[in-house]
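An overview of the molecular structure
The residues making up each chain are set out below.
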Amino acid sequence: MKKKALLAVAVSAAMAASLPVSALAAEGSLPRNETLYFSGQQWGTVNDYNPMSPNSNNAMVIAANDAARTLVYETLYMWNPLNSQLYPLLAAPDSQPEWDENQANLTVTLNPDAKWSDGTQVTAADVVATVKAHMDYETSAGADMKNYIESAEAIDDTTVVFHAVLNEEGKAVNPLMLMSYMPKLYIMQEAYLNTVAERNNGSAEDIKLDRMEDLVASGPYKPYIANDQQVVLERDDNYWGQAESMWGSLPAPKYIAHTIFKDNAAGDTAFKQGEVDVSQQFTTDIQKYWEEQGLPISTYLLEPPYGICMTMPTMVFNTEIPGLDQVAVRKAIAMATDYDQIIASAMSGQSPSFADVPRSIMNPTDGEQAMVDNDALADLQWANKDVEGAIAVLDEAGIVDSDGDGIREYNGENLSFKAECPQGWTDWNAALEIVAQAGKDIGINIETYFPDASTYTDDYSTGKFDIVCASGPGSSIANPWQRAMWFMSSTYNTLSVNFSGNFGHFTNERADELLALIPYESDEATLKEYYTELSKIMLEEVPCAALMYRPQVFHAVNESVWTGYPMDGDGTDIPPMDCTDGYGIAALYNLVNVE
Amino acid sequence: MKNTIKQAFHSSKFVTGFVIFMFVLVTIFVYPLIVTRDPLEMVGQGNFFKPGTYVAVSDVVGTNSNYRLNVDTSAAKLETGLSVENRAMMADWLEKYGEVPASDIDVTDAESLVALWNEKYDPKTVIKGMTIAVRNQYMRLNNQIQHALKDSGVIIAEKNEETGELEEAKSYDGREFVNQGDLPNTQTFLLGTDNFGRDVLTELVAATKVSLGVGIIAGVIATIIGLILGLLAGYVGGFVDNLITFITNLFTVIPSFVLLILISYSVSESARGTTMVGILIGITAWPWTTRSVRSQVISLRNRDHVNLSKLSGHSMMRIVFTDILPYIASYVVMAFILQISSGILAEAQLSMLGLGPSTTTTATLGLMMNWATQYSAHTSGTWWAYFPVILVIALISFSLNLMNTGLDQIFNPQLRD
């Protein structure tokens, strides 16, 4: 009997031991010093490689945002939020997109060295085919693009012209938005698009759902492994970018890998142990990693806020809800909130304070701050946690507690709101708890509500919320205009499903006028005037209030294996964008192994 | 009754459990009398301040008390600045990057080591191949050394309101001390602060009170429901028994915690106060009390004294209350104790999932754990944010379980010595 038991123990031990061994074998096939590991980007298994897909879950390959991730697919230009410049990628060296005199057509010249992974040249026809595919198949990008781009035309192999949708005056309806596609649109190969169309019999629905595992792209990496454990990209050693006209060399890591972690905590643990090199995760008290634990971990800035903040998580008030339709109520909540506490505790000090960077439409980067007149807004700013001021505002508006239950009423109804953001978004969760505390201080009942992410998305995009925490556009060529739209444009109010902004359906005629003027304005002084006026409206009417500043992507590195990451004052202008996004990808060419 | 209680206090297990429990109980009632701070007040501006006493810097500078002590403060400063590890690091740097032969470096001679360091080290030089992290580490080390070497003291300057220039107001060397008692602003956080900057000890005491309350509400409800159904099923028997057993089995098969999650999820947060959470836990935790009470009652039902009562024509209520209940009372008390203990645990589990009471209205042990985990206190080494909570939960359930086993030893004839 005893022997049997022993055997059972031995067998189960062997089985238990065999599991990690096989996992190790899979990981062991990637040489550690040739692999750059990431965390905080990919959650769940990769489902496709299709830039036209409506439900792609492949963060390392497809992230076509304002500073697109160009590891596999490439864009015409790369965006650098540090200096607000476009850097050519597929476009010709030292070139910039050029408008004709009427601002109706935008010309881009391509780099003749640019090649696809099958060795053929990237031509203007490919750009045209990409635009056409998005429009014809009505992808979500295409639907948006149609508002600004009429068509694209190939003049010769390396010259492509984007014809803008024109307004009555014969100018582009929105030159800024057209420009914003330059660092955002993944260029696909015409021949490959034809192959995909053929095998799906031209059905738009099927083409959009094609997994495109046999993709042809122009970037430095190609898909290698993708399963429920990890995603790995392998370097394409024939990558065209090693031409002198582009990078002049191959990126240093042979493999780009992202383990699929269960949650932030798992990713953090791996990062701490040096199993992850670049972490795109919010880490509480990150300075403790180097100050107290002596780990080889660092951030772009040596001192708080440690990263470059470019976005503002904002509480958006639903201006159609009784109570919140009153400026006094919105303003009182915004005034009573303890932002310093949010920044110090919820954000762990990784954000400048509102005393350092006063509230406006602008993010804290120098480039944007130069576009607003903060002195003109000084009188409209409110002090941190101004509970007395908030109470005075409410009392003055006649919104008082008349039935003595401690909660103020508006039209006889208790003011009671839900503040919503997804479960597990730790810093936002904590920030809303502090907003709820503010409500308690001024006699407004605010309860926090943390549903799963999809419920949250559904709620804010269809206006089914009271107060919601959301984050607007960060840094891009179309900003701060796009962010101002996101804060206040009533053009989104008629959409039944709205992901574009102004979720609270705020309406202000003057704001709409200004927002319509900005895209055509190029005079900096006038722009500054417009933006200052918009900020004024925002501070007076409080359709929303920024809770903190936050980096567009978190960027912390562990130098156990690799070093040479960008850092403040290193003499390069490479932004801390996880070595993958926009011009941040330039970092990959500077990495070296730690000796 | 008196005798039973006396007996209970002869059991060492019961006494130990009772003492621990009373200690917790006394603490949660006495502590708030001494420390009157609102447990939810966010005192600290930042995450996880470490335990200790905090002194206002301006007080230290502004105090007029002048105590000169003949204590060499620079030695302690030098000791932290030039610890063995730091010396090893300095030697390492000098050898690798300062091109000093190893034989010339003497880590035991602090003075010459520092002199050598100051001569060779320049924070501005960029060394190829050195990681940012290591570079920063040396920069911090250099700052530490320079601070340790400083014995010139500190000069306090005040701004002249007319000229706008800084003028020397006071100067201190390393031997001036202040008496902590003279400082008007000191704050002691025995267990530091949490992620919101709340005083952990005060919050912990308040949370223990609330969690105990939840446990007691849950325990009372679960025990009452369990007792009534168990008595009915056991004594009445027949169809009633079958029906109750059927329902009980149904609830036993569905894990009660899953049920609890589902119900809690459907109740809005504002309604989910501590009482509500207690009630929710209570109405999902009764089945095993019912089962065991029922089996106890069945074995009692056909005892002679019960039959005698029946023959005497006593009502069912009277029989149940005078002939059956006293016999299982000890058992019910023990079940009640265990229900409290599991009620506290259930609250902690619920709050960990974000389904407990709301953070802004109350502190509970589960909520404290929840936020500590969310702000990764376990990876950043801030033990004070979660370990005391675990300890309190463990202490409470341990003491209740000890009391339970102690009682069991007395009441259960099979275990009696």
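Note that the coordinates shown come from a computational prediction; the quantities given were computed from them, not determined experimentally.

With respect to the overall build of chain A
In terms of regular secondary structure, chain A is built from 18 helices and 24 strands. For 595 residues, the compact-globule formula gives about 25 Å, and the C-alpha radius of gyration of chain A, at 26 Å, lands near that figure. Taken along its principal axes, the extent of the C-alpha atoms in chain A is 85 × 70 × 50 Å. Buried positions account for 59% of the 595 residues belonging to chain A. Long-range contacts, defined here as pairs at least 24 residues apart, represent 68% of the contacts in chain A between residues at least 6 apart. For chain A, the exposed area adds up to about 23100 Å²; of that, 50% sits on carbon and sulfur atoms. The distance from the centre of the 32 positive side-chain charges to the centre of the 86 negative ones in chain A is 9 Å.

Re the nonpolar core
Tyr73(A), Phe162(A) and Ile333(A) are the most contacted members of the largest nonpolar core, which has 219 residues in total. Among residues more than four places away in sequence, those in contact with Phe162(A) are Leu76(A), Ala104(A), Asn105(A), Leu106(A), Val108(A), Val127(A), Val131(A), Ile149(A), Ser151(A), Ala152(A), Leu178(A) and Met182(A). Judged by nonpolar contacts, the second largest core, of 18 residues, contains Leu82(B), Val114(B), Ile127(B) and Ile145(B).

Examining the interface of chain A and chain B
Facing 41 residues of chain A, the contacting portion of chain B comprises 35 residues. Interface of chain A and chain B: buried area, both sides summed, is about 3100 Å²; carbon and sulfur atoms make up 50% of it. Three residues, Thr284(A), Gln341(A) and Glu433(A), lead the burial of chain A against chain B; their summed loss comes to 16% of the area buried on that side. Across the contact surface, chain A and chain B share zero salt bridges. Here chain A is connected to chain B by nine residue pairs in polar contact (both at pLDDT 80 or more). Of all the secondary structure elements, the ones that give two or more residues to the side of chain A that touches chain B are helix H7 (264-272), helix H8 (287-291), strand S12 (297-299), helix H10 (339-346), helix H14 (426-442) and strand S18 (445-449) of chain A.

A closer look at the side chain of Asp285(A)
Within the fold, Asp285(A) resides in the loop between strand S11 (278-279) and H8. Contact partners of Asp285(A), with chain neighbours within four places excluded, come to Ser348(A), Gln350(A), Asn47(B) and Phe48(B).

Considering the pattern of salt bridges
Residues and elements named next belong to chain A. Summed over all chains, the structure comprises 25 salt bridges over all chains. Asp458 is paired through a salt bridge with Lys464; the nearest N and O atoms lie 3.5 Å apart. Assessed through its relative accessible area of 38%, Asp458 is described here as partly exposed.

Let's talk about unusual backbone geometry
Residues and elements named next belong to chain A. With an omega dihedral of 5°, the bond running from Pro304 to Pro305 counts as a cis peptide bond. At the junction of Asn479 and Pro480, the peptide bond is cis and its omega measures out at 10° in the coordinates. For Pro480, the position within the fold is in the loop between strand S19 (467-471) and helix H16 (481-488). A positive phi angle, near 60°, is found at Cys579, a position not held by glycine.

Side note on empty space enclosed by the protein
All names here are of chain A. Under the defined criterion, the tally for this structure stands at six cavities of 30 Å³ or more. Of the residues belonging to the lining of the largest cavity, the class tally is twelve nonpolar, eight polar and no charged. Per-domain counts for the lining of the largest cavity show at least three residues from each of domain 1 (32-44 + 215-307 + 552-593) and domain 3 (309-551).

Let's talk about the sheet that holds strand S6 (residues 149-156) of chain A
Residue and element names in this part refer to chain A. Here we have four strands laid out as an open sheet, ordered S4-S5-S7-S6, and antiparallel in their pairing. Looking at strand neighbours, the two that pair on one side only are strand S4 (98-99) and S6, the edges of this open sheet. Note: strand S5 (residues 105-109) against strand S7 (residues 159-164), five bridges, orientation antiparallel. When the bridges of S7 are listed, Val108 appears paired with Val160. With respect to the sheet, helix H2 (residues 124-136) is in contact with S6 and S7, its orientation differing from that of S6 by roughly 160°.

Here's the deal with the domain arrangement of chain A
All names here are of chain A. Taken as a whole, chain A is organised into domain 1 (32-44 + 215-307 + 552-593), domain 2 (77-193) and domain 3 (309-551). Relative placement of domain 1 and domain 3: their C-alpha centres are 33 Å apart. The interface is formed by 13 residues belonging to domain 1 together with 15 residues belonging to domain 3. Of the roughly 1100 Å² buried between domain 1 and domain 3 on both sides combined, carbon and sulfur atoms contribute 58%. Taken as a group, Phe282, Gln552 and Phe554 account for 55% of the area that domain 1 buries against domain 3, more than any other trio of residues on that side. Taken together, domain 1 and domain 3 are joined by three residue pairs in polar contact (both at pLDDT 80 or more). Its residues assigned to classes, the side of domain 1 that touches domain 3 shows eight nonpolar, four polar and one charged.

Notes on the environment of Ser295(B)
Mapped onto the elements, Ser295(B) comes out in helix H12 (residues 287-301). Between the alpha carbons of Ser295(B) and Lys209(B) there is a distance of 35 Å; along the sequence they are 86 residues apart.

Observations concerning the layout of surface pockets
Residues and elements named next belong to chain A. In this structure, the second largest pocket encloses a volume near 1200 Å³. Trp79, Ser84, Met371, Ile477 and Asn479 are the residues nearest the centre of the second largest pocket, which is lined by 43 residues in total. When contributions to the lining of the second largest pocket are tallied by element, the ones reaching two or more residues are strand S3 (85-88), helix H4 (175-180), helix H11 (366-369) and helix H18 (524-541). Classifying every residue of the lining of the second largest pocket by side-chain character gives 25 nonpolar, 13 polar and five charged.

Some points on the pairing of strand S2 (residues 77-80) of chain A
Residues and elements named next belong to chain A. Of the two faces of S2, the one holding Tyr77 and Trp79 and the one holding Met78 and Asn80 are both buried throughout. The pairing of S2 with S3 spans four bridges and is classified as antiparallel. Of the residues in S3, the one forming a bridge with Tyr77 is Pro88. The turn linking S2 back onto S3 is made up of four residues, and Ser84 within it adopts a positive phi angle of 55°.

Side note on the packing of helix H14 (residues 316-352) of chain B against helix H17 (residues 387-411) of chain B
Residue and element names in this part refer to chain B. Close contact between H14 and H17 brings their axes to 10 Å; oriented N to C, the two are set at 165°. Considering their axes alone, H14 and H17 lie roughly antiparallel with respect to each other. Seen from above, H14 lies across H17 with left-handed handedness. Every residue of H17 that contacts H14 at Ser330, Val333, Met334, Ile337, Leu338, Ile340, Ser341, Ile344, Leu345 and Ala348 is listed here: Ile393, Ile396, Ser397, Leu400, Asn401, Met403, Asn404, Leu407, Asp408 and Phe411. Here the contact of H14 with H17 is built from residues that sort into 14 nonpolar, five polar and one charged.

The rules behind these values
Residues numbered from 1 in each chain as written. Chains lettered and ligands numbered in written order. Predicted model: local features only at pLDDT ≥ 70, side-chain atom pairs only at ≥ 80, totals over all residues. Heavy atoms only, no water. Helix = DSSP H or I, 4+ residues; strand = E, 2+ residues; numbered from the N terminus. Rg over C-alpha atoms; globule rule 2.2 N^0.38 Å. Buried < 20%, exposed > 50% of the residue type's maximum accessible area, 1.4 Å probe, protein only. Contact = heavy atoms within 4.5 Å. Areas by Shrake-Rupley, 256 points an atom, 1.4 Å probe, with all protein chains shown as cover. Lys, Arg positive; Asp, Glu negative; His and termini not counted. Charge placed at Lys NZ, Arg CZ, Asp CG, Glu CD. Core = buried A, V, L, I, M, F, W, Y, C linked by side-chain atoms within 4.5 Å. Buried area = accessible area lost by both parts, 1.4 Å probe. Salt bridge = Lys/Arg side-chain N within 4 Å of Asp/Glu carboxyl O. Polar contact = N/O pair within 3.5 Å; in protein donor to acceptor, adjacent residues only side chain to side chain. 1 Å grid on protein atoms, 1.4 Å probe; cavity = no way out; pocket = protein on both sides within 12 Å on 5 of 7 lines; lining within 4 Å. Points joined across faces, edges and corners; volume = space filled by probe spheres on them. Nonpolar A, V, L, I, M, F, W, Y, C, P; charged D, E, K, R; others polar. Domains from an automatic or database assignment. Pairing = 2+ DSSP bridges. Axes fitted to C-alpha atoms, helices over the stretch in contact; angles between N-to-C directions. Parallel < 35°, antiparallel > 145°, perpendicular 65-115°, else oblique. Left-handed = near helix turned anticlockwise from the far one by under 90°.

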